[in-house]
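What follows is the residue order along each chain.
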Amino acid sequence: MSVDLASVVTQVEAARSHARTYRHFGRAARLYRAALRSLDRLERGSGPSADAALVRARALVGVASCETERGADRSVTLALLQEAEACASRAGDPAMVATVRGNRGLLLLRTGELEAARREFDAAIDGMVDPREMVPVLLNRGSLRLETGELDAAVRDFERCRDLVADDAEVMFRPMAEHNLGYARYLAGDLPAALRSIDRAAEVAPPEHAGVGLMDKAVVLFEAGLITDAEDALRRAVDLLATTRGSRDLLDAQLAQARCLVSLGRHEDALRLARRTRARARRIAHRVLELRAGLVALEARHGMLLQRSGSRDAFRRLVAVADGIEERAATVPGAERLAGEAALVAAEALARARRWDEAGERLRRLPPSADVSLGTRVRVEVVRALCAFGRGERRAGVAAVRRGQRLLASQRLRLGAVEAVTAAAAHGIRLQAVDVEAALATGSADALFDALERGRATFAGSGRVRPPDDPQTAELVVAARRLAERSRLVGPDDAVEQARLQREARRLQNRARERAWYADGDGQVPRPATARRLRAELREFGSDRVVLDLASYRGRLTAVRVDRSGSRIFELAAVDEVLEHARRVRADQQVLSNPLLPAPLHEAALRSLARELDWIDRALLLETGVEGPAYVAARDRLVSLPWTSLPSRRDTSTVVNSWVARAAADWRPGPGLVVAGPDLRQAAAEVAAVADVWGGGGRVLTGADATCAAVATALEGVPVVHLAAHGSHEPDNPVFSSVRLADGPLYAHELDGLDLTRSVVVLSACDVGGVSVRHGGEPLGLTSVLLRMGARAVVASVAPLRDDVAVRVMPALHGALRDGVPPGEALARAVAAEPEPVPLVCFGPLVL
């Protein structure tokens, strides 16, 4: 069969299309080799030519690129590129020589030889004539500069690349440039801007690039503390990248996923994945990836020792492994940062092995770097705190903790979304644990209280002081609301359609939730309470209130009791035991919420509920001597216990929060906003009675007028808000917990950024006092969002609330509020006469 040069060029273009457009690297490599064989036949018949040499150079570059993606040995691909350069030189085409050097630079970059890669990229750009040919080389050189910490130079490369890409022929490079700009912004610490850029890139990127986009987005999510979301993105990235049959990108994604698993405490899973990835990196002779995988495996083992309170000898053995990684990394080009990370792991392991001087020496050996991650910078302070506390230098230890908390605070100040603010706490877990453990070792109640509160205050409050202005997010929320309402109306008669609508609503909710992460922060970090200052304030105001700060430590609950006369530590029940009794309480409350329950079953459930509440009361409150008005700071699921229902709390003020938040006593009662949602049998009567308490003043929204937009607009600035509606706490997506109004659910997400500092909010709805706990310990739900927006109090139910109970209790509650009674005391009075426990709880700041 005769062959001409034009047909060979067509073969090369077809191979290039398979590689670039479809990322089918195996198929593309076969097509490139077929083109090379065609060239062999052509040159045997007509002799060599400059044009044929140029086409051969392109085909060889293509084969080398595909084999690199497939994980071929470095020597094989370098030999292909050397042959390609020789062909380009014979053809007398300096632009093609530059292209070969650009591809060689990419190979060297991927194998960690950064300085050699830089020389190739620089030479390639200098030798190129067509500006569009520079685009991929600029992208790759910018990536190299990101790795070496030259952020400004990297941004210049990416911006130049973006400016050069002007026509549809280069459409694939536009999302790459935008994506890499996002990554540069991530390294500069601007996480909202990074997510905006990365998602803009994803919107226009071809589908075959989705895996890499997800992988880099996960890196930013990890830095923001959204670890679960990062791990989910990486699982999807791994599935997509697996189709490329083991490329470098796949190994990167697997290592990033293993790192997430370490942070989530899934150390065994992380260790298995890191070891598999290390074996694959060793087979393809990628020394940098092999070392990275070894480092992640080391981190997993370190996490296991922390979980199991490992021995000093175990930590010392870990130091030897870290030293080995550090020594090898020091000899591998491009692995310099890994050497520093291994040294930091060794330093922490030495500190936990009580070899504090050696740990300090390791810290002093760390290379200075301006672009290390937040987690690394905080970890340095963790090691410093461990060493100082271990040597008995408490003041220096606390100073290290505070430096770490300032680092964490500086990041949370850049985050606007309430969910992002709570997620940032993930990077403070180990720092908080070191602080609390050192405080416990002193035996001082004041020291323990202060340690708990300075950690909690770092992530308290709102991330912004104004609502977001994002029409696209608003449209997503409205669309999700419509789907949720359609799903409800379809009902269980068409389960398939209902499930489809619910899935689509969740998809839109997640898109809106992710867009909220774009918001820049403009809030403030609250000032933490201290035991000494709190006691002084209690004495100043003549208050007999007891503040009870609860925390879990090594599986048991510990409490710090502070009143005006002093403070004291109590060791209480096992956490799992308390949570089991809380689960039983919840089950009994669910049963008792059924108004049609037969009397014998009702009485049995009521007796069971009384027993469980009595156990919790004795274990948590009576054990600590709490009798009068109380303020309880609790975390995790303890914050949503039915505190007001405990026997010792009858007719006694109880206010609950996730931290000791102080507020001035400047709230003034007055008519506000009263709202009735649909399909509540006694909502109209309840709302009418509440409105009547306030003398008919304020604004009442019922029926078709009680829309989500109307309520959200009317919320700000009113002294009292009363919402009588069906409520729902969403455990898996707590910012979409809601109350149902005339046009569907009003989500917590929509309230983020409102100013509620002058409002007491009463939620006469089931379950909306529930919370989900973010990785890092921060609770999140409708009530917690309202509190973060500054609400002076939120009265909400932590279990189903019967209509007949609400219609009796709510007018009494509002009557007390109208008379100027503080919300916690007003709720206690309102439920005191009820024959059965009422699951309403008053959440809010401490007001004296």
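Because the structure is a prediction, the values reported are computed rather than measured.

Draft legend 1. Highlighting the overall build of the protein. The secondary structure content of the protein amounts to 33 helices and 18 strands. Taken against the 2.2 N^0.38 rule, which gives 29 Å for 848 residues, the C-alpha radius of gyration of the protein at 31 Å falls within 12% of a compact globule. Principal-axis analysis of the C-alpha atoms gives the protein an extent of 105 × 65 × 45 Å. Buried positions account for 58% of the 848 residues belonging to the protein. Long-range contacts, defined as pairs at least 24 residues apart, comprise 71% of the intrachain contacts of the protein with a sequence gap of at least 6. Entry remark: accessible area of the protein is about 34800 Å², with carbon and sulfur atoms responsible for 50%. Separation of charge centres in the protein, based on 119 positive and 112 negative side chains, amounts to 4 Å.

Draft legend 2. Region of the structure containing the environment of R16. Within the fold, R16 resides in helix α1 (residues 5-20). Judged by relative accessible area, R16 falls into the partly exposed class, the value being 37%. Distance in space between the C-alpha atoms of R16 and A29 is 9.1 Å, their sequence separation being 13 residues.

Draft legend 3. Representation of the pairing of strand β7 (residues 673-676). The side-chain alternation of β7 yields two buried faces, one formed by L673 and V675 and the other by V674 and A676. In terms of handedness, the path from β7 via helix α29 (residues 683-693) over to strand β8 (residues 699-701) forms a crossover that is right-handed. In the sheet, β7 pairs with strand β9 (residues 720-724) via four bridges, with the strands oriented parallel. Within the sheet, the bridge partner assigned to V675 lies in β9 and is L723.

Draft legend 4. Broad picture of the pattern of salt bridges. This structure, assessed with the given rule, holds 67 salt bridges. Between R365 and E326 there is a salt bridge; the shortest N-O distance is 3.3 Å. Here R365 is found in helix α18 (residues 356-365), whereas its partner E326 is found in helix α16 (residues 312-329), with 39 residues between them in sequence. Take R365: its relative accessible area is 44%, and that puts it in the partly exposed class. One network of salt bridges, in which partners are shared, links E299, E348, R352, R379 and R430.

Draft legend 5. Quick peek at the sheet that holds strand β12 (residues 744-747). Ordered by their spatial adjacency, three strands build an open sheet running β10-β11-β12, and the pairing between neighbours is antiparallel. Pairing within the sheet leaves two strands with one partner each, and these edge strands are β10 (727-728) and β12. Across the sheet, helix α30 (residues 708-715) touches β11 (738-741) and β12, and the angle it forms with β12 is around 25°.

Draft legend 6. Summary view of helix α32 (residues 803-818). The end-to-end C-alpha distance of α32 is 22 Å, a good match for the 22 Å that 16 residues give at a rise of 1.5 Å each. In terms of burial, α32 is largely enclosed, as twelve of its 16 residues are buried. Residues D803, V805, A806, V807, V809, M810, P811, L813, H814, G815, A816 and L817 constitute the buried set of α32. For α32, the secondary structure elements touched by its buried residues are α29, β9, β13 (760-764), β16 (793-797), α33 (823-832) and β17 (840-843).

Draft legend 7. Focus on the sheet that holds strand β2 (residues 556-563). Taking strand neighbours across the sheet as the criterion, the eleven strands line up as β3-β2-β1-β4-β5-β17-β16-β13-β9-β7-β8 in an open arrangement whose pairing is mixed. Two strands lie at the open edges of the sheet, namely β3 (566-574) and β8, each paired on one side alone. Pairs of neighbouring strands in the sheet enclose a mean axial angle of 20°, with direction left out of account. Strand direction decides the pairing type here: β16 and β17, joined by four bridges, are antiparallel. Each bridged residue has a counterpart across the sheet, and for A796 the counterpart in β17 is V841. Of the strands in this sheet, β7, β8, β9 and β13 touch α29, which is tilted by about 170° from β7.

Draft legend 8. Representation of the packing of aromatic side chains within the structure. For the structure on display, the rule yields two aromatic pairs. Ring plane angle 45° and centroid distance 5.1 Å describe the contact between Y183 and Y186, whose orientation is recorded as tilted. Note that Y183 and Y186 are positioned in helix α9 (residues 173-187) at a spacing of three residues, about one turn of the helix. Classification of Y186 by relative accessible area gives buried; the value is 10%. Look at F736 and Y747: their rings are 4.8 Å apart centre to centre, the planes differ by 65°, and that puts the pair in the edge-to-face class. Of the two residues, F736 sits in the loop between β10 and β11 while Y747 sits in strand β12, which places them eleven residues apart along the sequence. Across the pair, exposure class does not vary: F736 and Y747 are buried alike.

Draft legend 9. Structural view of the packing of helix α22 (residues 429-442) against helix α23 (residues 445-457). The interhelical angle for the contact between α22 and α23, taken along N-to-C directions, is 170°, at an axis separation of 8 Å. Taken together, α22 and α23 sit at an angle that is classed as roughly antiparallel. Of the residues in α23, those touching α22 at Q432, D435, V436, A439, L440 and T442 are A447, L448, A451, L452, R454, G455 and R456. Across the contact of α22 with α23, the residue classes tally to seven nonpolar, three polar and three charged.

Draft legend 10. Structural context of the side chain of R379. By the secondary structure assignment, R379 is in helix α19 (residues 374-390). By relative accessible area, which is 12% here, R379 ends up buried. For R379, the contacting residues outside a window of four places in its chain are E299, H302, L344, V345, E348 and R430.

Draft legend 11. A look at the packing of helix α20 (residues 394-412) against α22. Closest axis-to-axis distance for the α20/α22 pair is 10 Å, and the angle between their directions is 155°. As summarised for this structure, α20 and α22 are arranged roughly antiparallel, according to the angle between their axes. Judged by the twist between their axes, the crossing of α20 over α22 is left-handed. On α22, the residues that touch R394, V401, G404, Q405 and L408 of α20 are L431, Q432, D435, A438, A439 and T442.

Rules used in this analysis
- Residues numbered from 1 in each chain as written.
- Predicted model: local features only at pLDDT ≥ 70, side-chain atom pairs only at ≥ 80, totals over all residues.
- Heavy atoms only, no water.
- Helix = DSSP H or I, 4+ residues; strand = E, 2+ residues; numbered from the N terminus.
- Rg over C-alpha atoms; globule rule 2.2 N^0.38 Å.
- Buried < 20%, exposed > 50% of the residue type's maximum accessible area, 1.4 Å probe, protein only.
- Contact = heavy atoms within 4.5 Å.
- Areas by Shrake-Rupley, 256 points an atom, 1.4 Å probe, with all protein chains shown as cover.
- Lys, Arg positive; Asp, Glu negative; His and termini not counted.
- Charge placed at Lys NZ, Arg CZ, Asp CG, Glu CD.
- Right-handed = clockwise from strand over helix to strand, strands pointing away.
- Pairing = 2+ DSSP bridges.
- Salt bridge = Lys/Arg side-chain N within 4 Å of Asp/Glu carboxyl O.
- Axes fitted to C-alpha atoms, helices over the stretch in contact; angles between N-to-C directions.
- Expected span 1.5 Å × (residues − 1).
- Phe/Tyr/Trp six-rings, centres within 6.5 Å; stacked < 30°, edge-to-face > 60°.
- Parallel < 35°, antiparallel > 145°, perpendicular 65-115°, else oblique.
- Nonpolar A, V, L, I, M, F, W, Y, C, P; charged D, E, K, R; others polar.
- Left-handed = near helix turned anticlockwise from the far one by under 90°.

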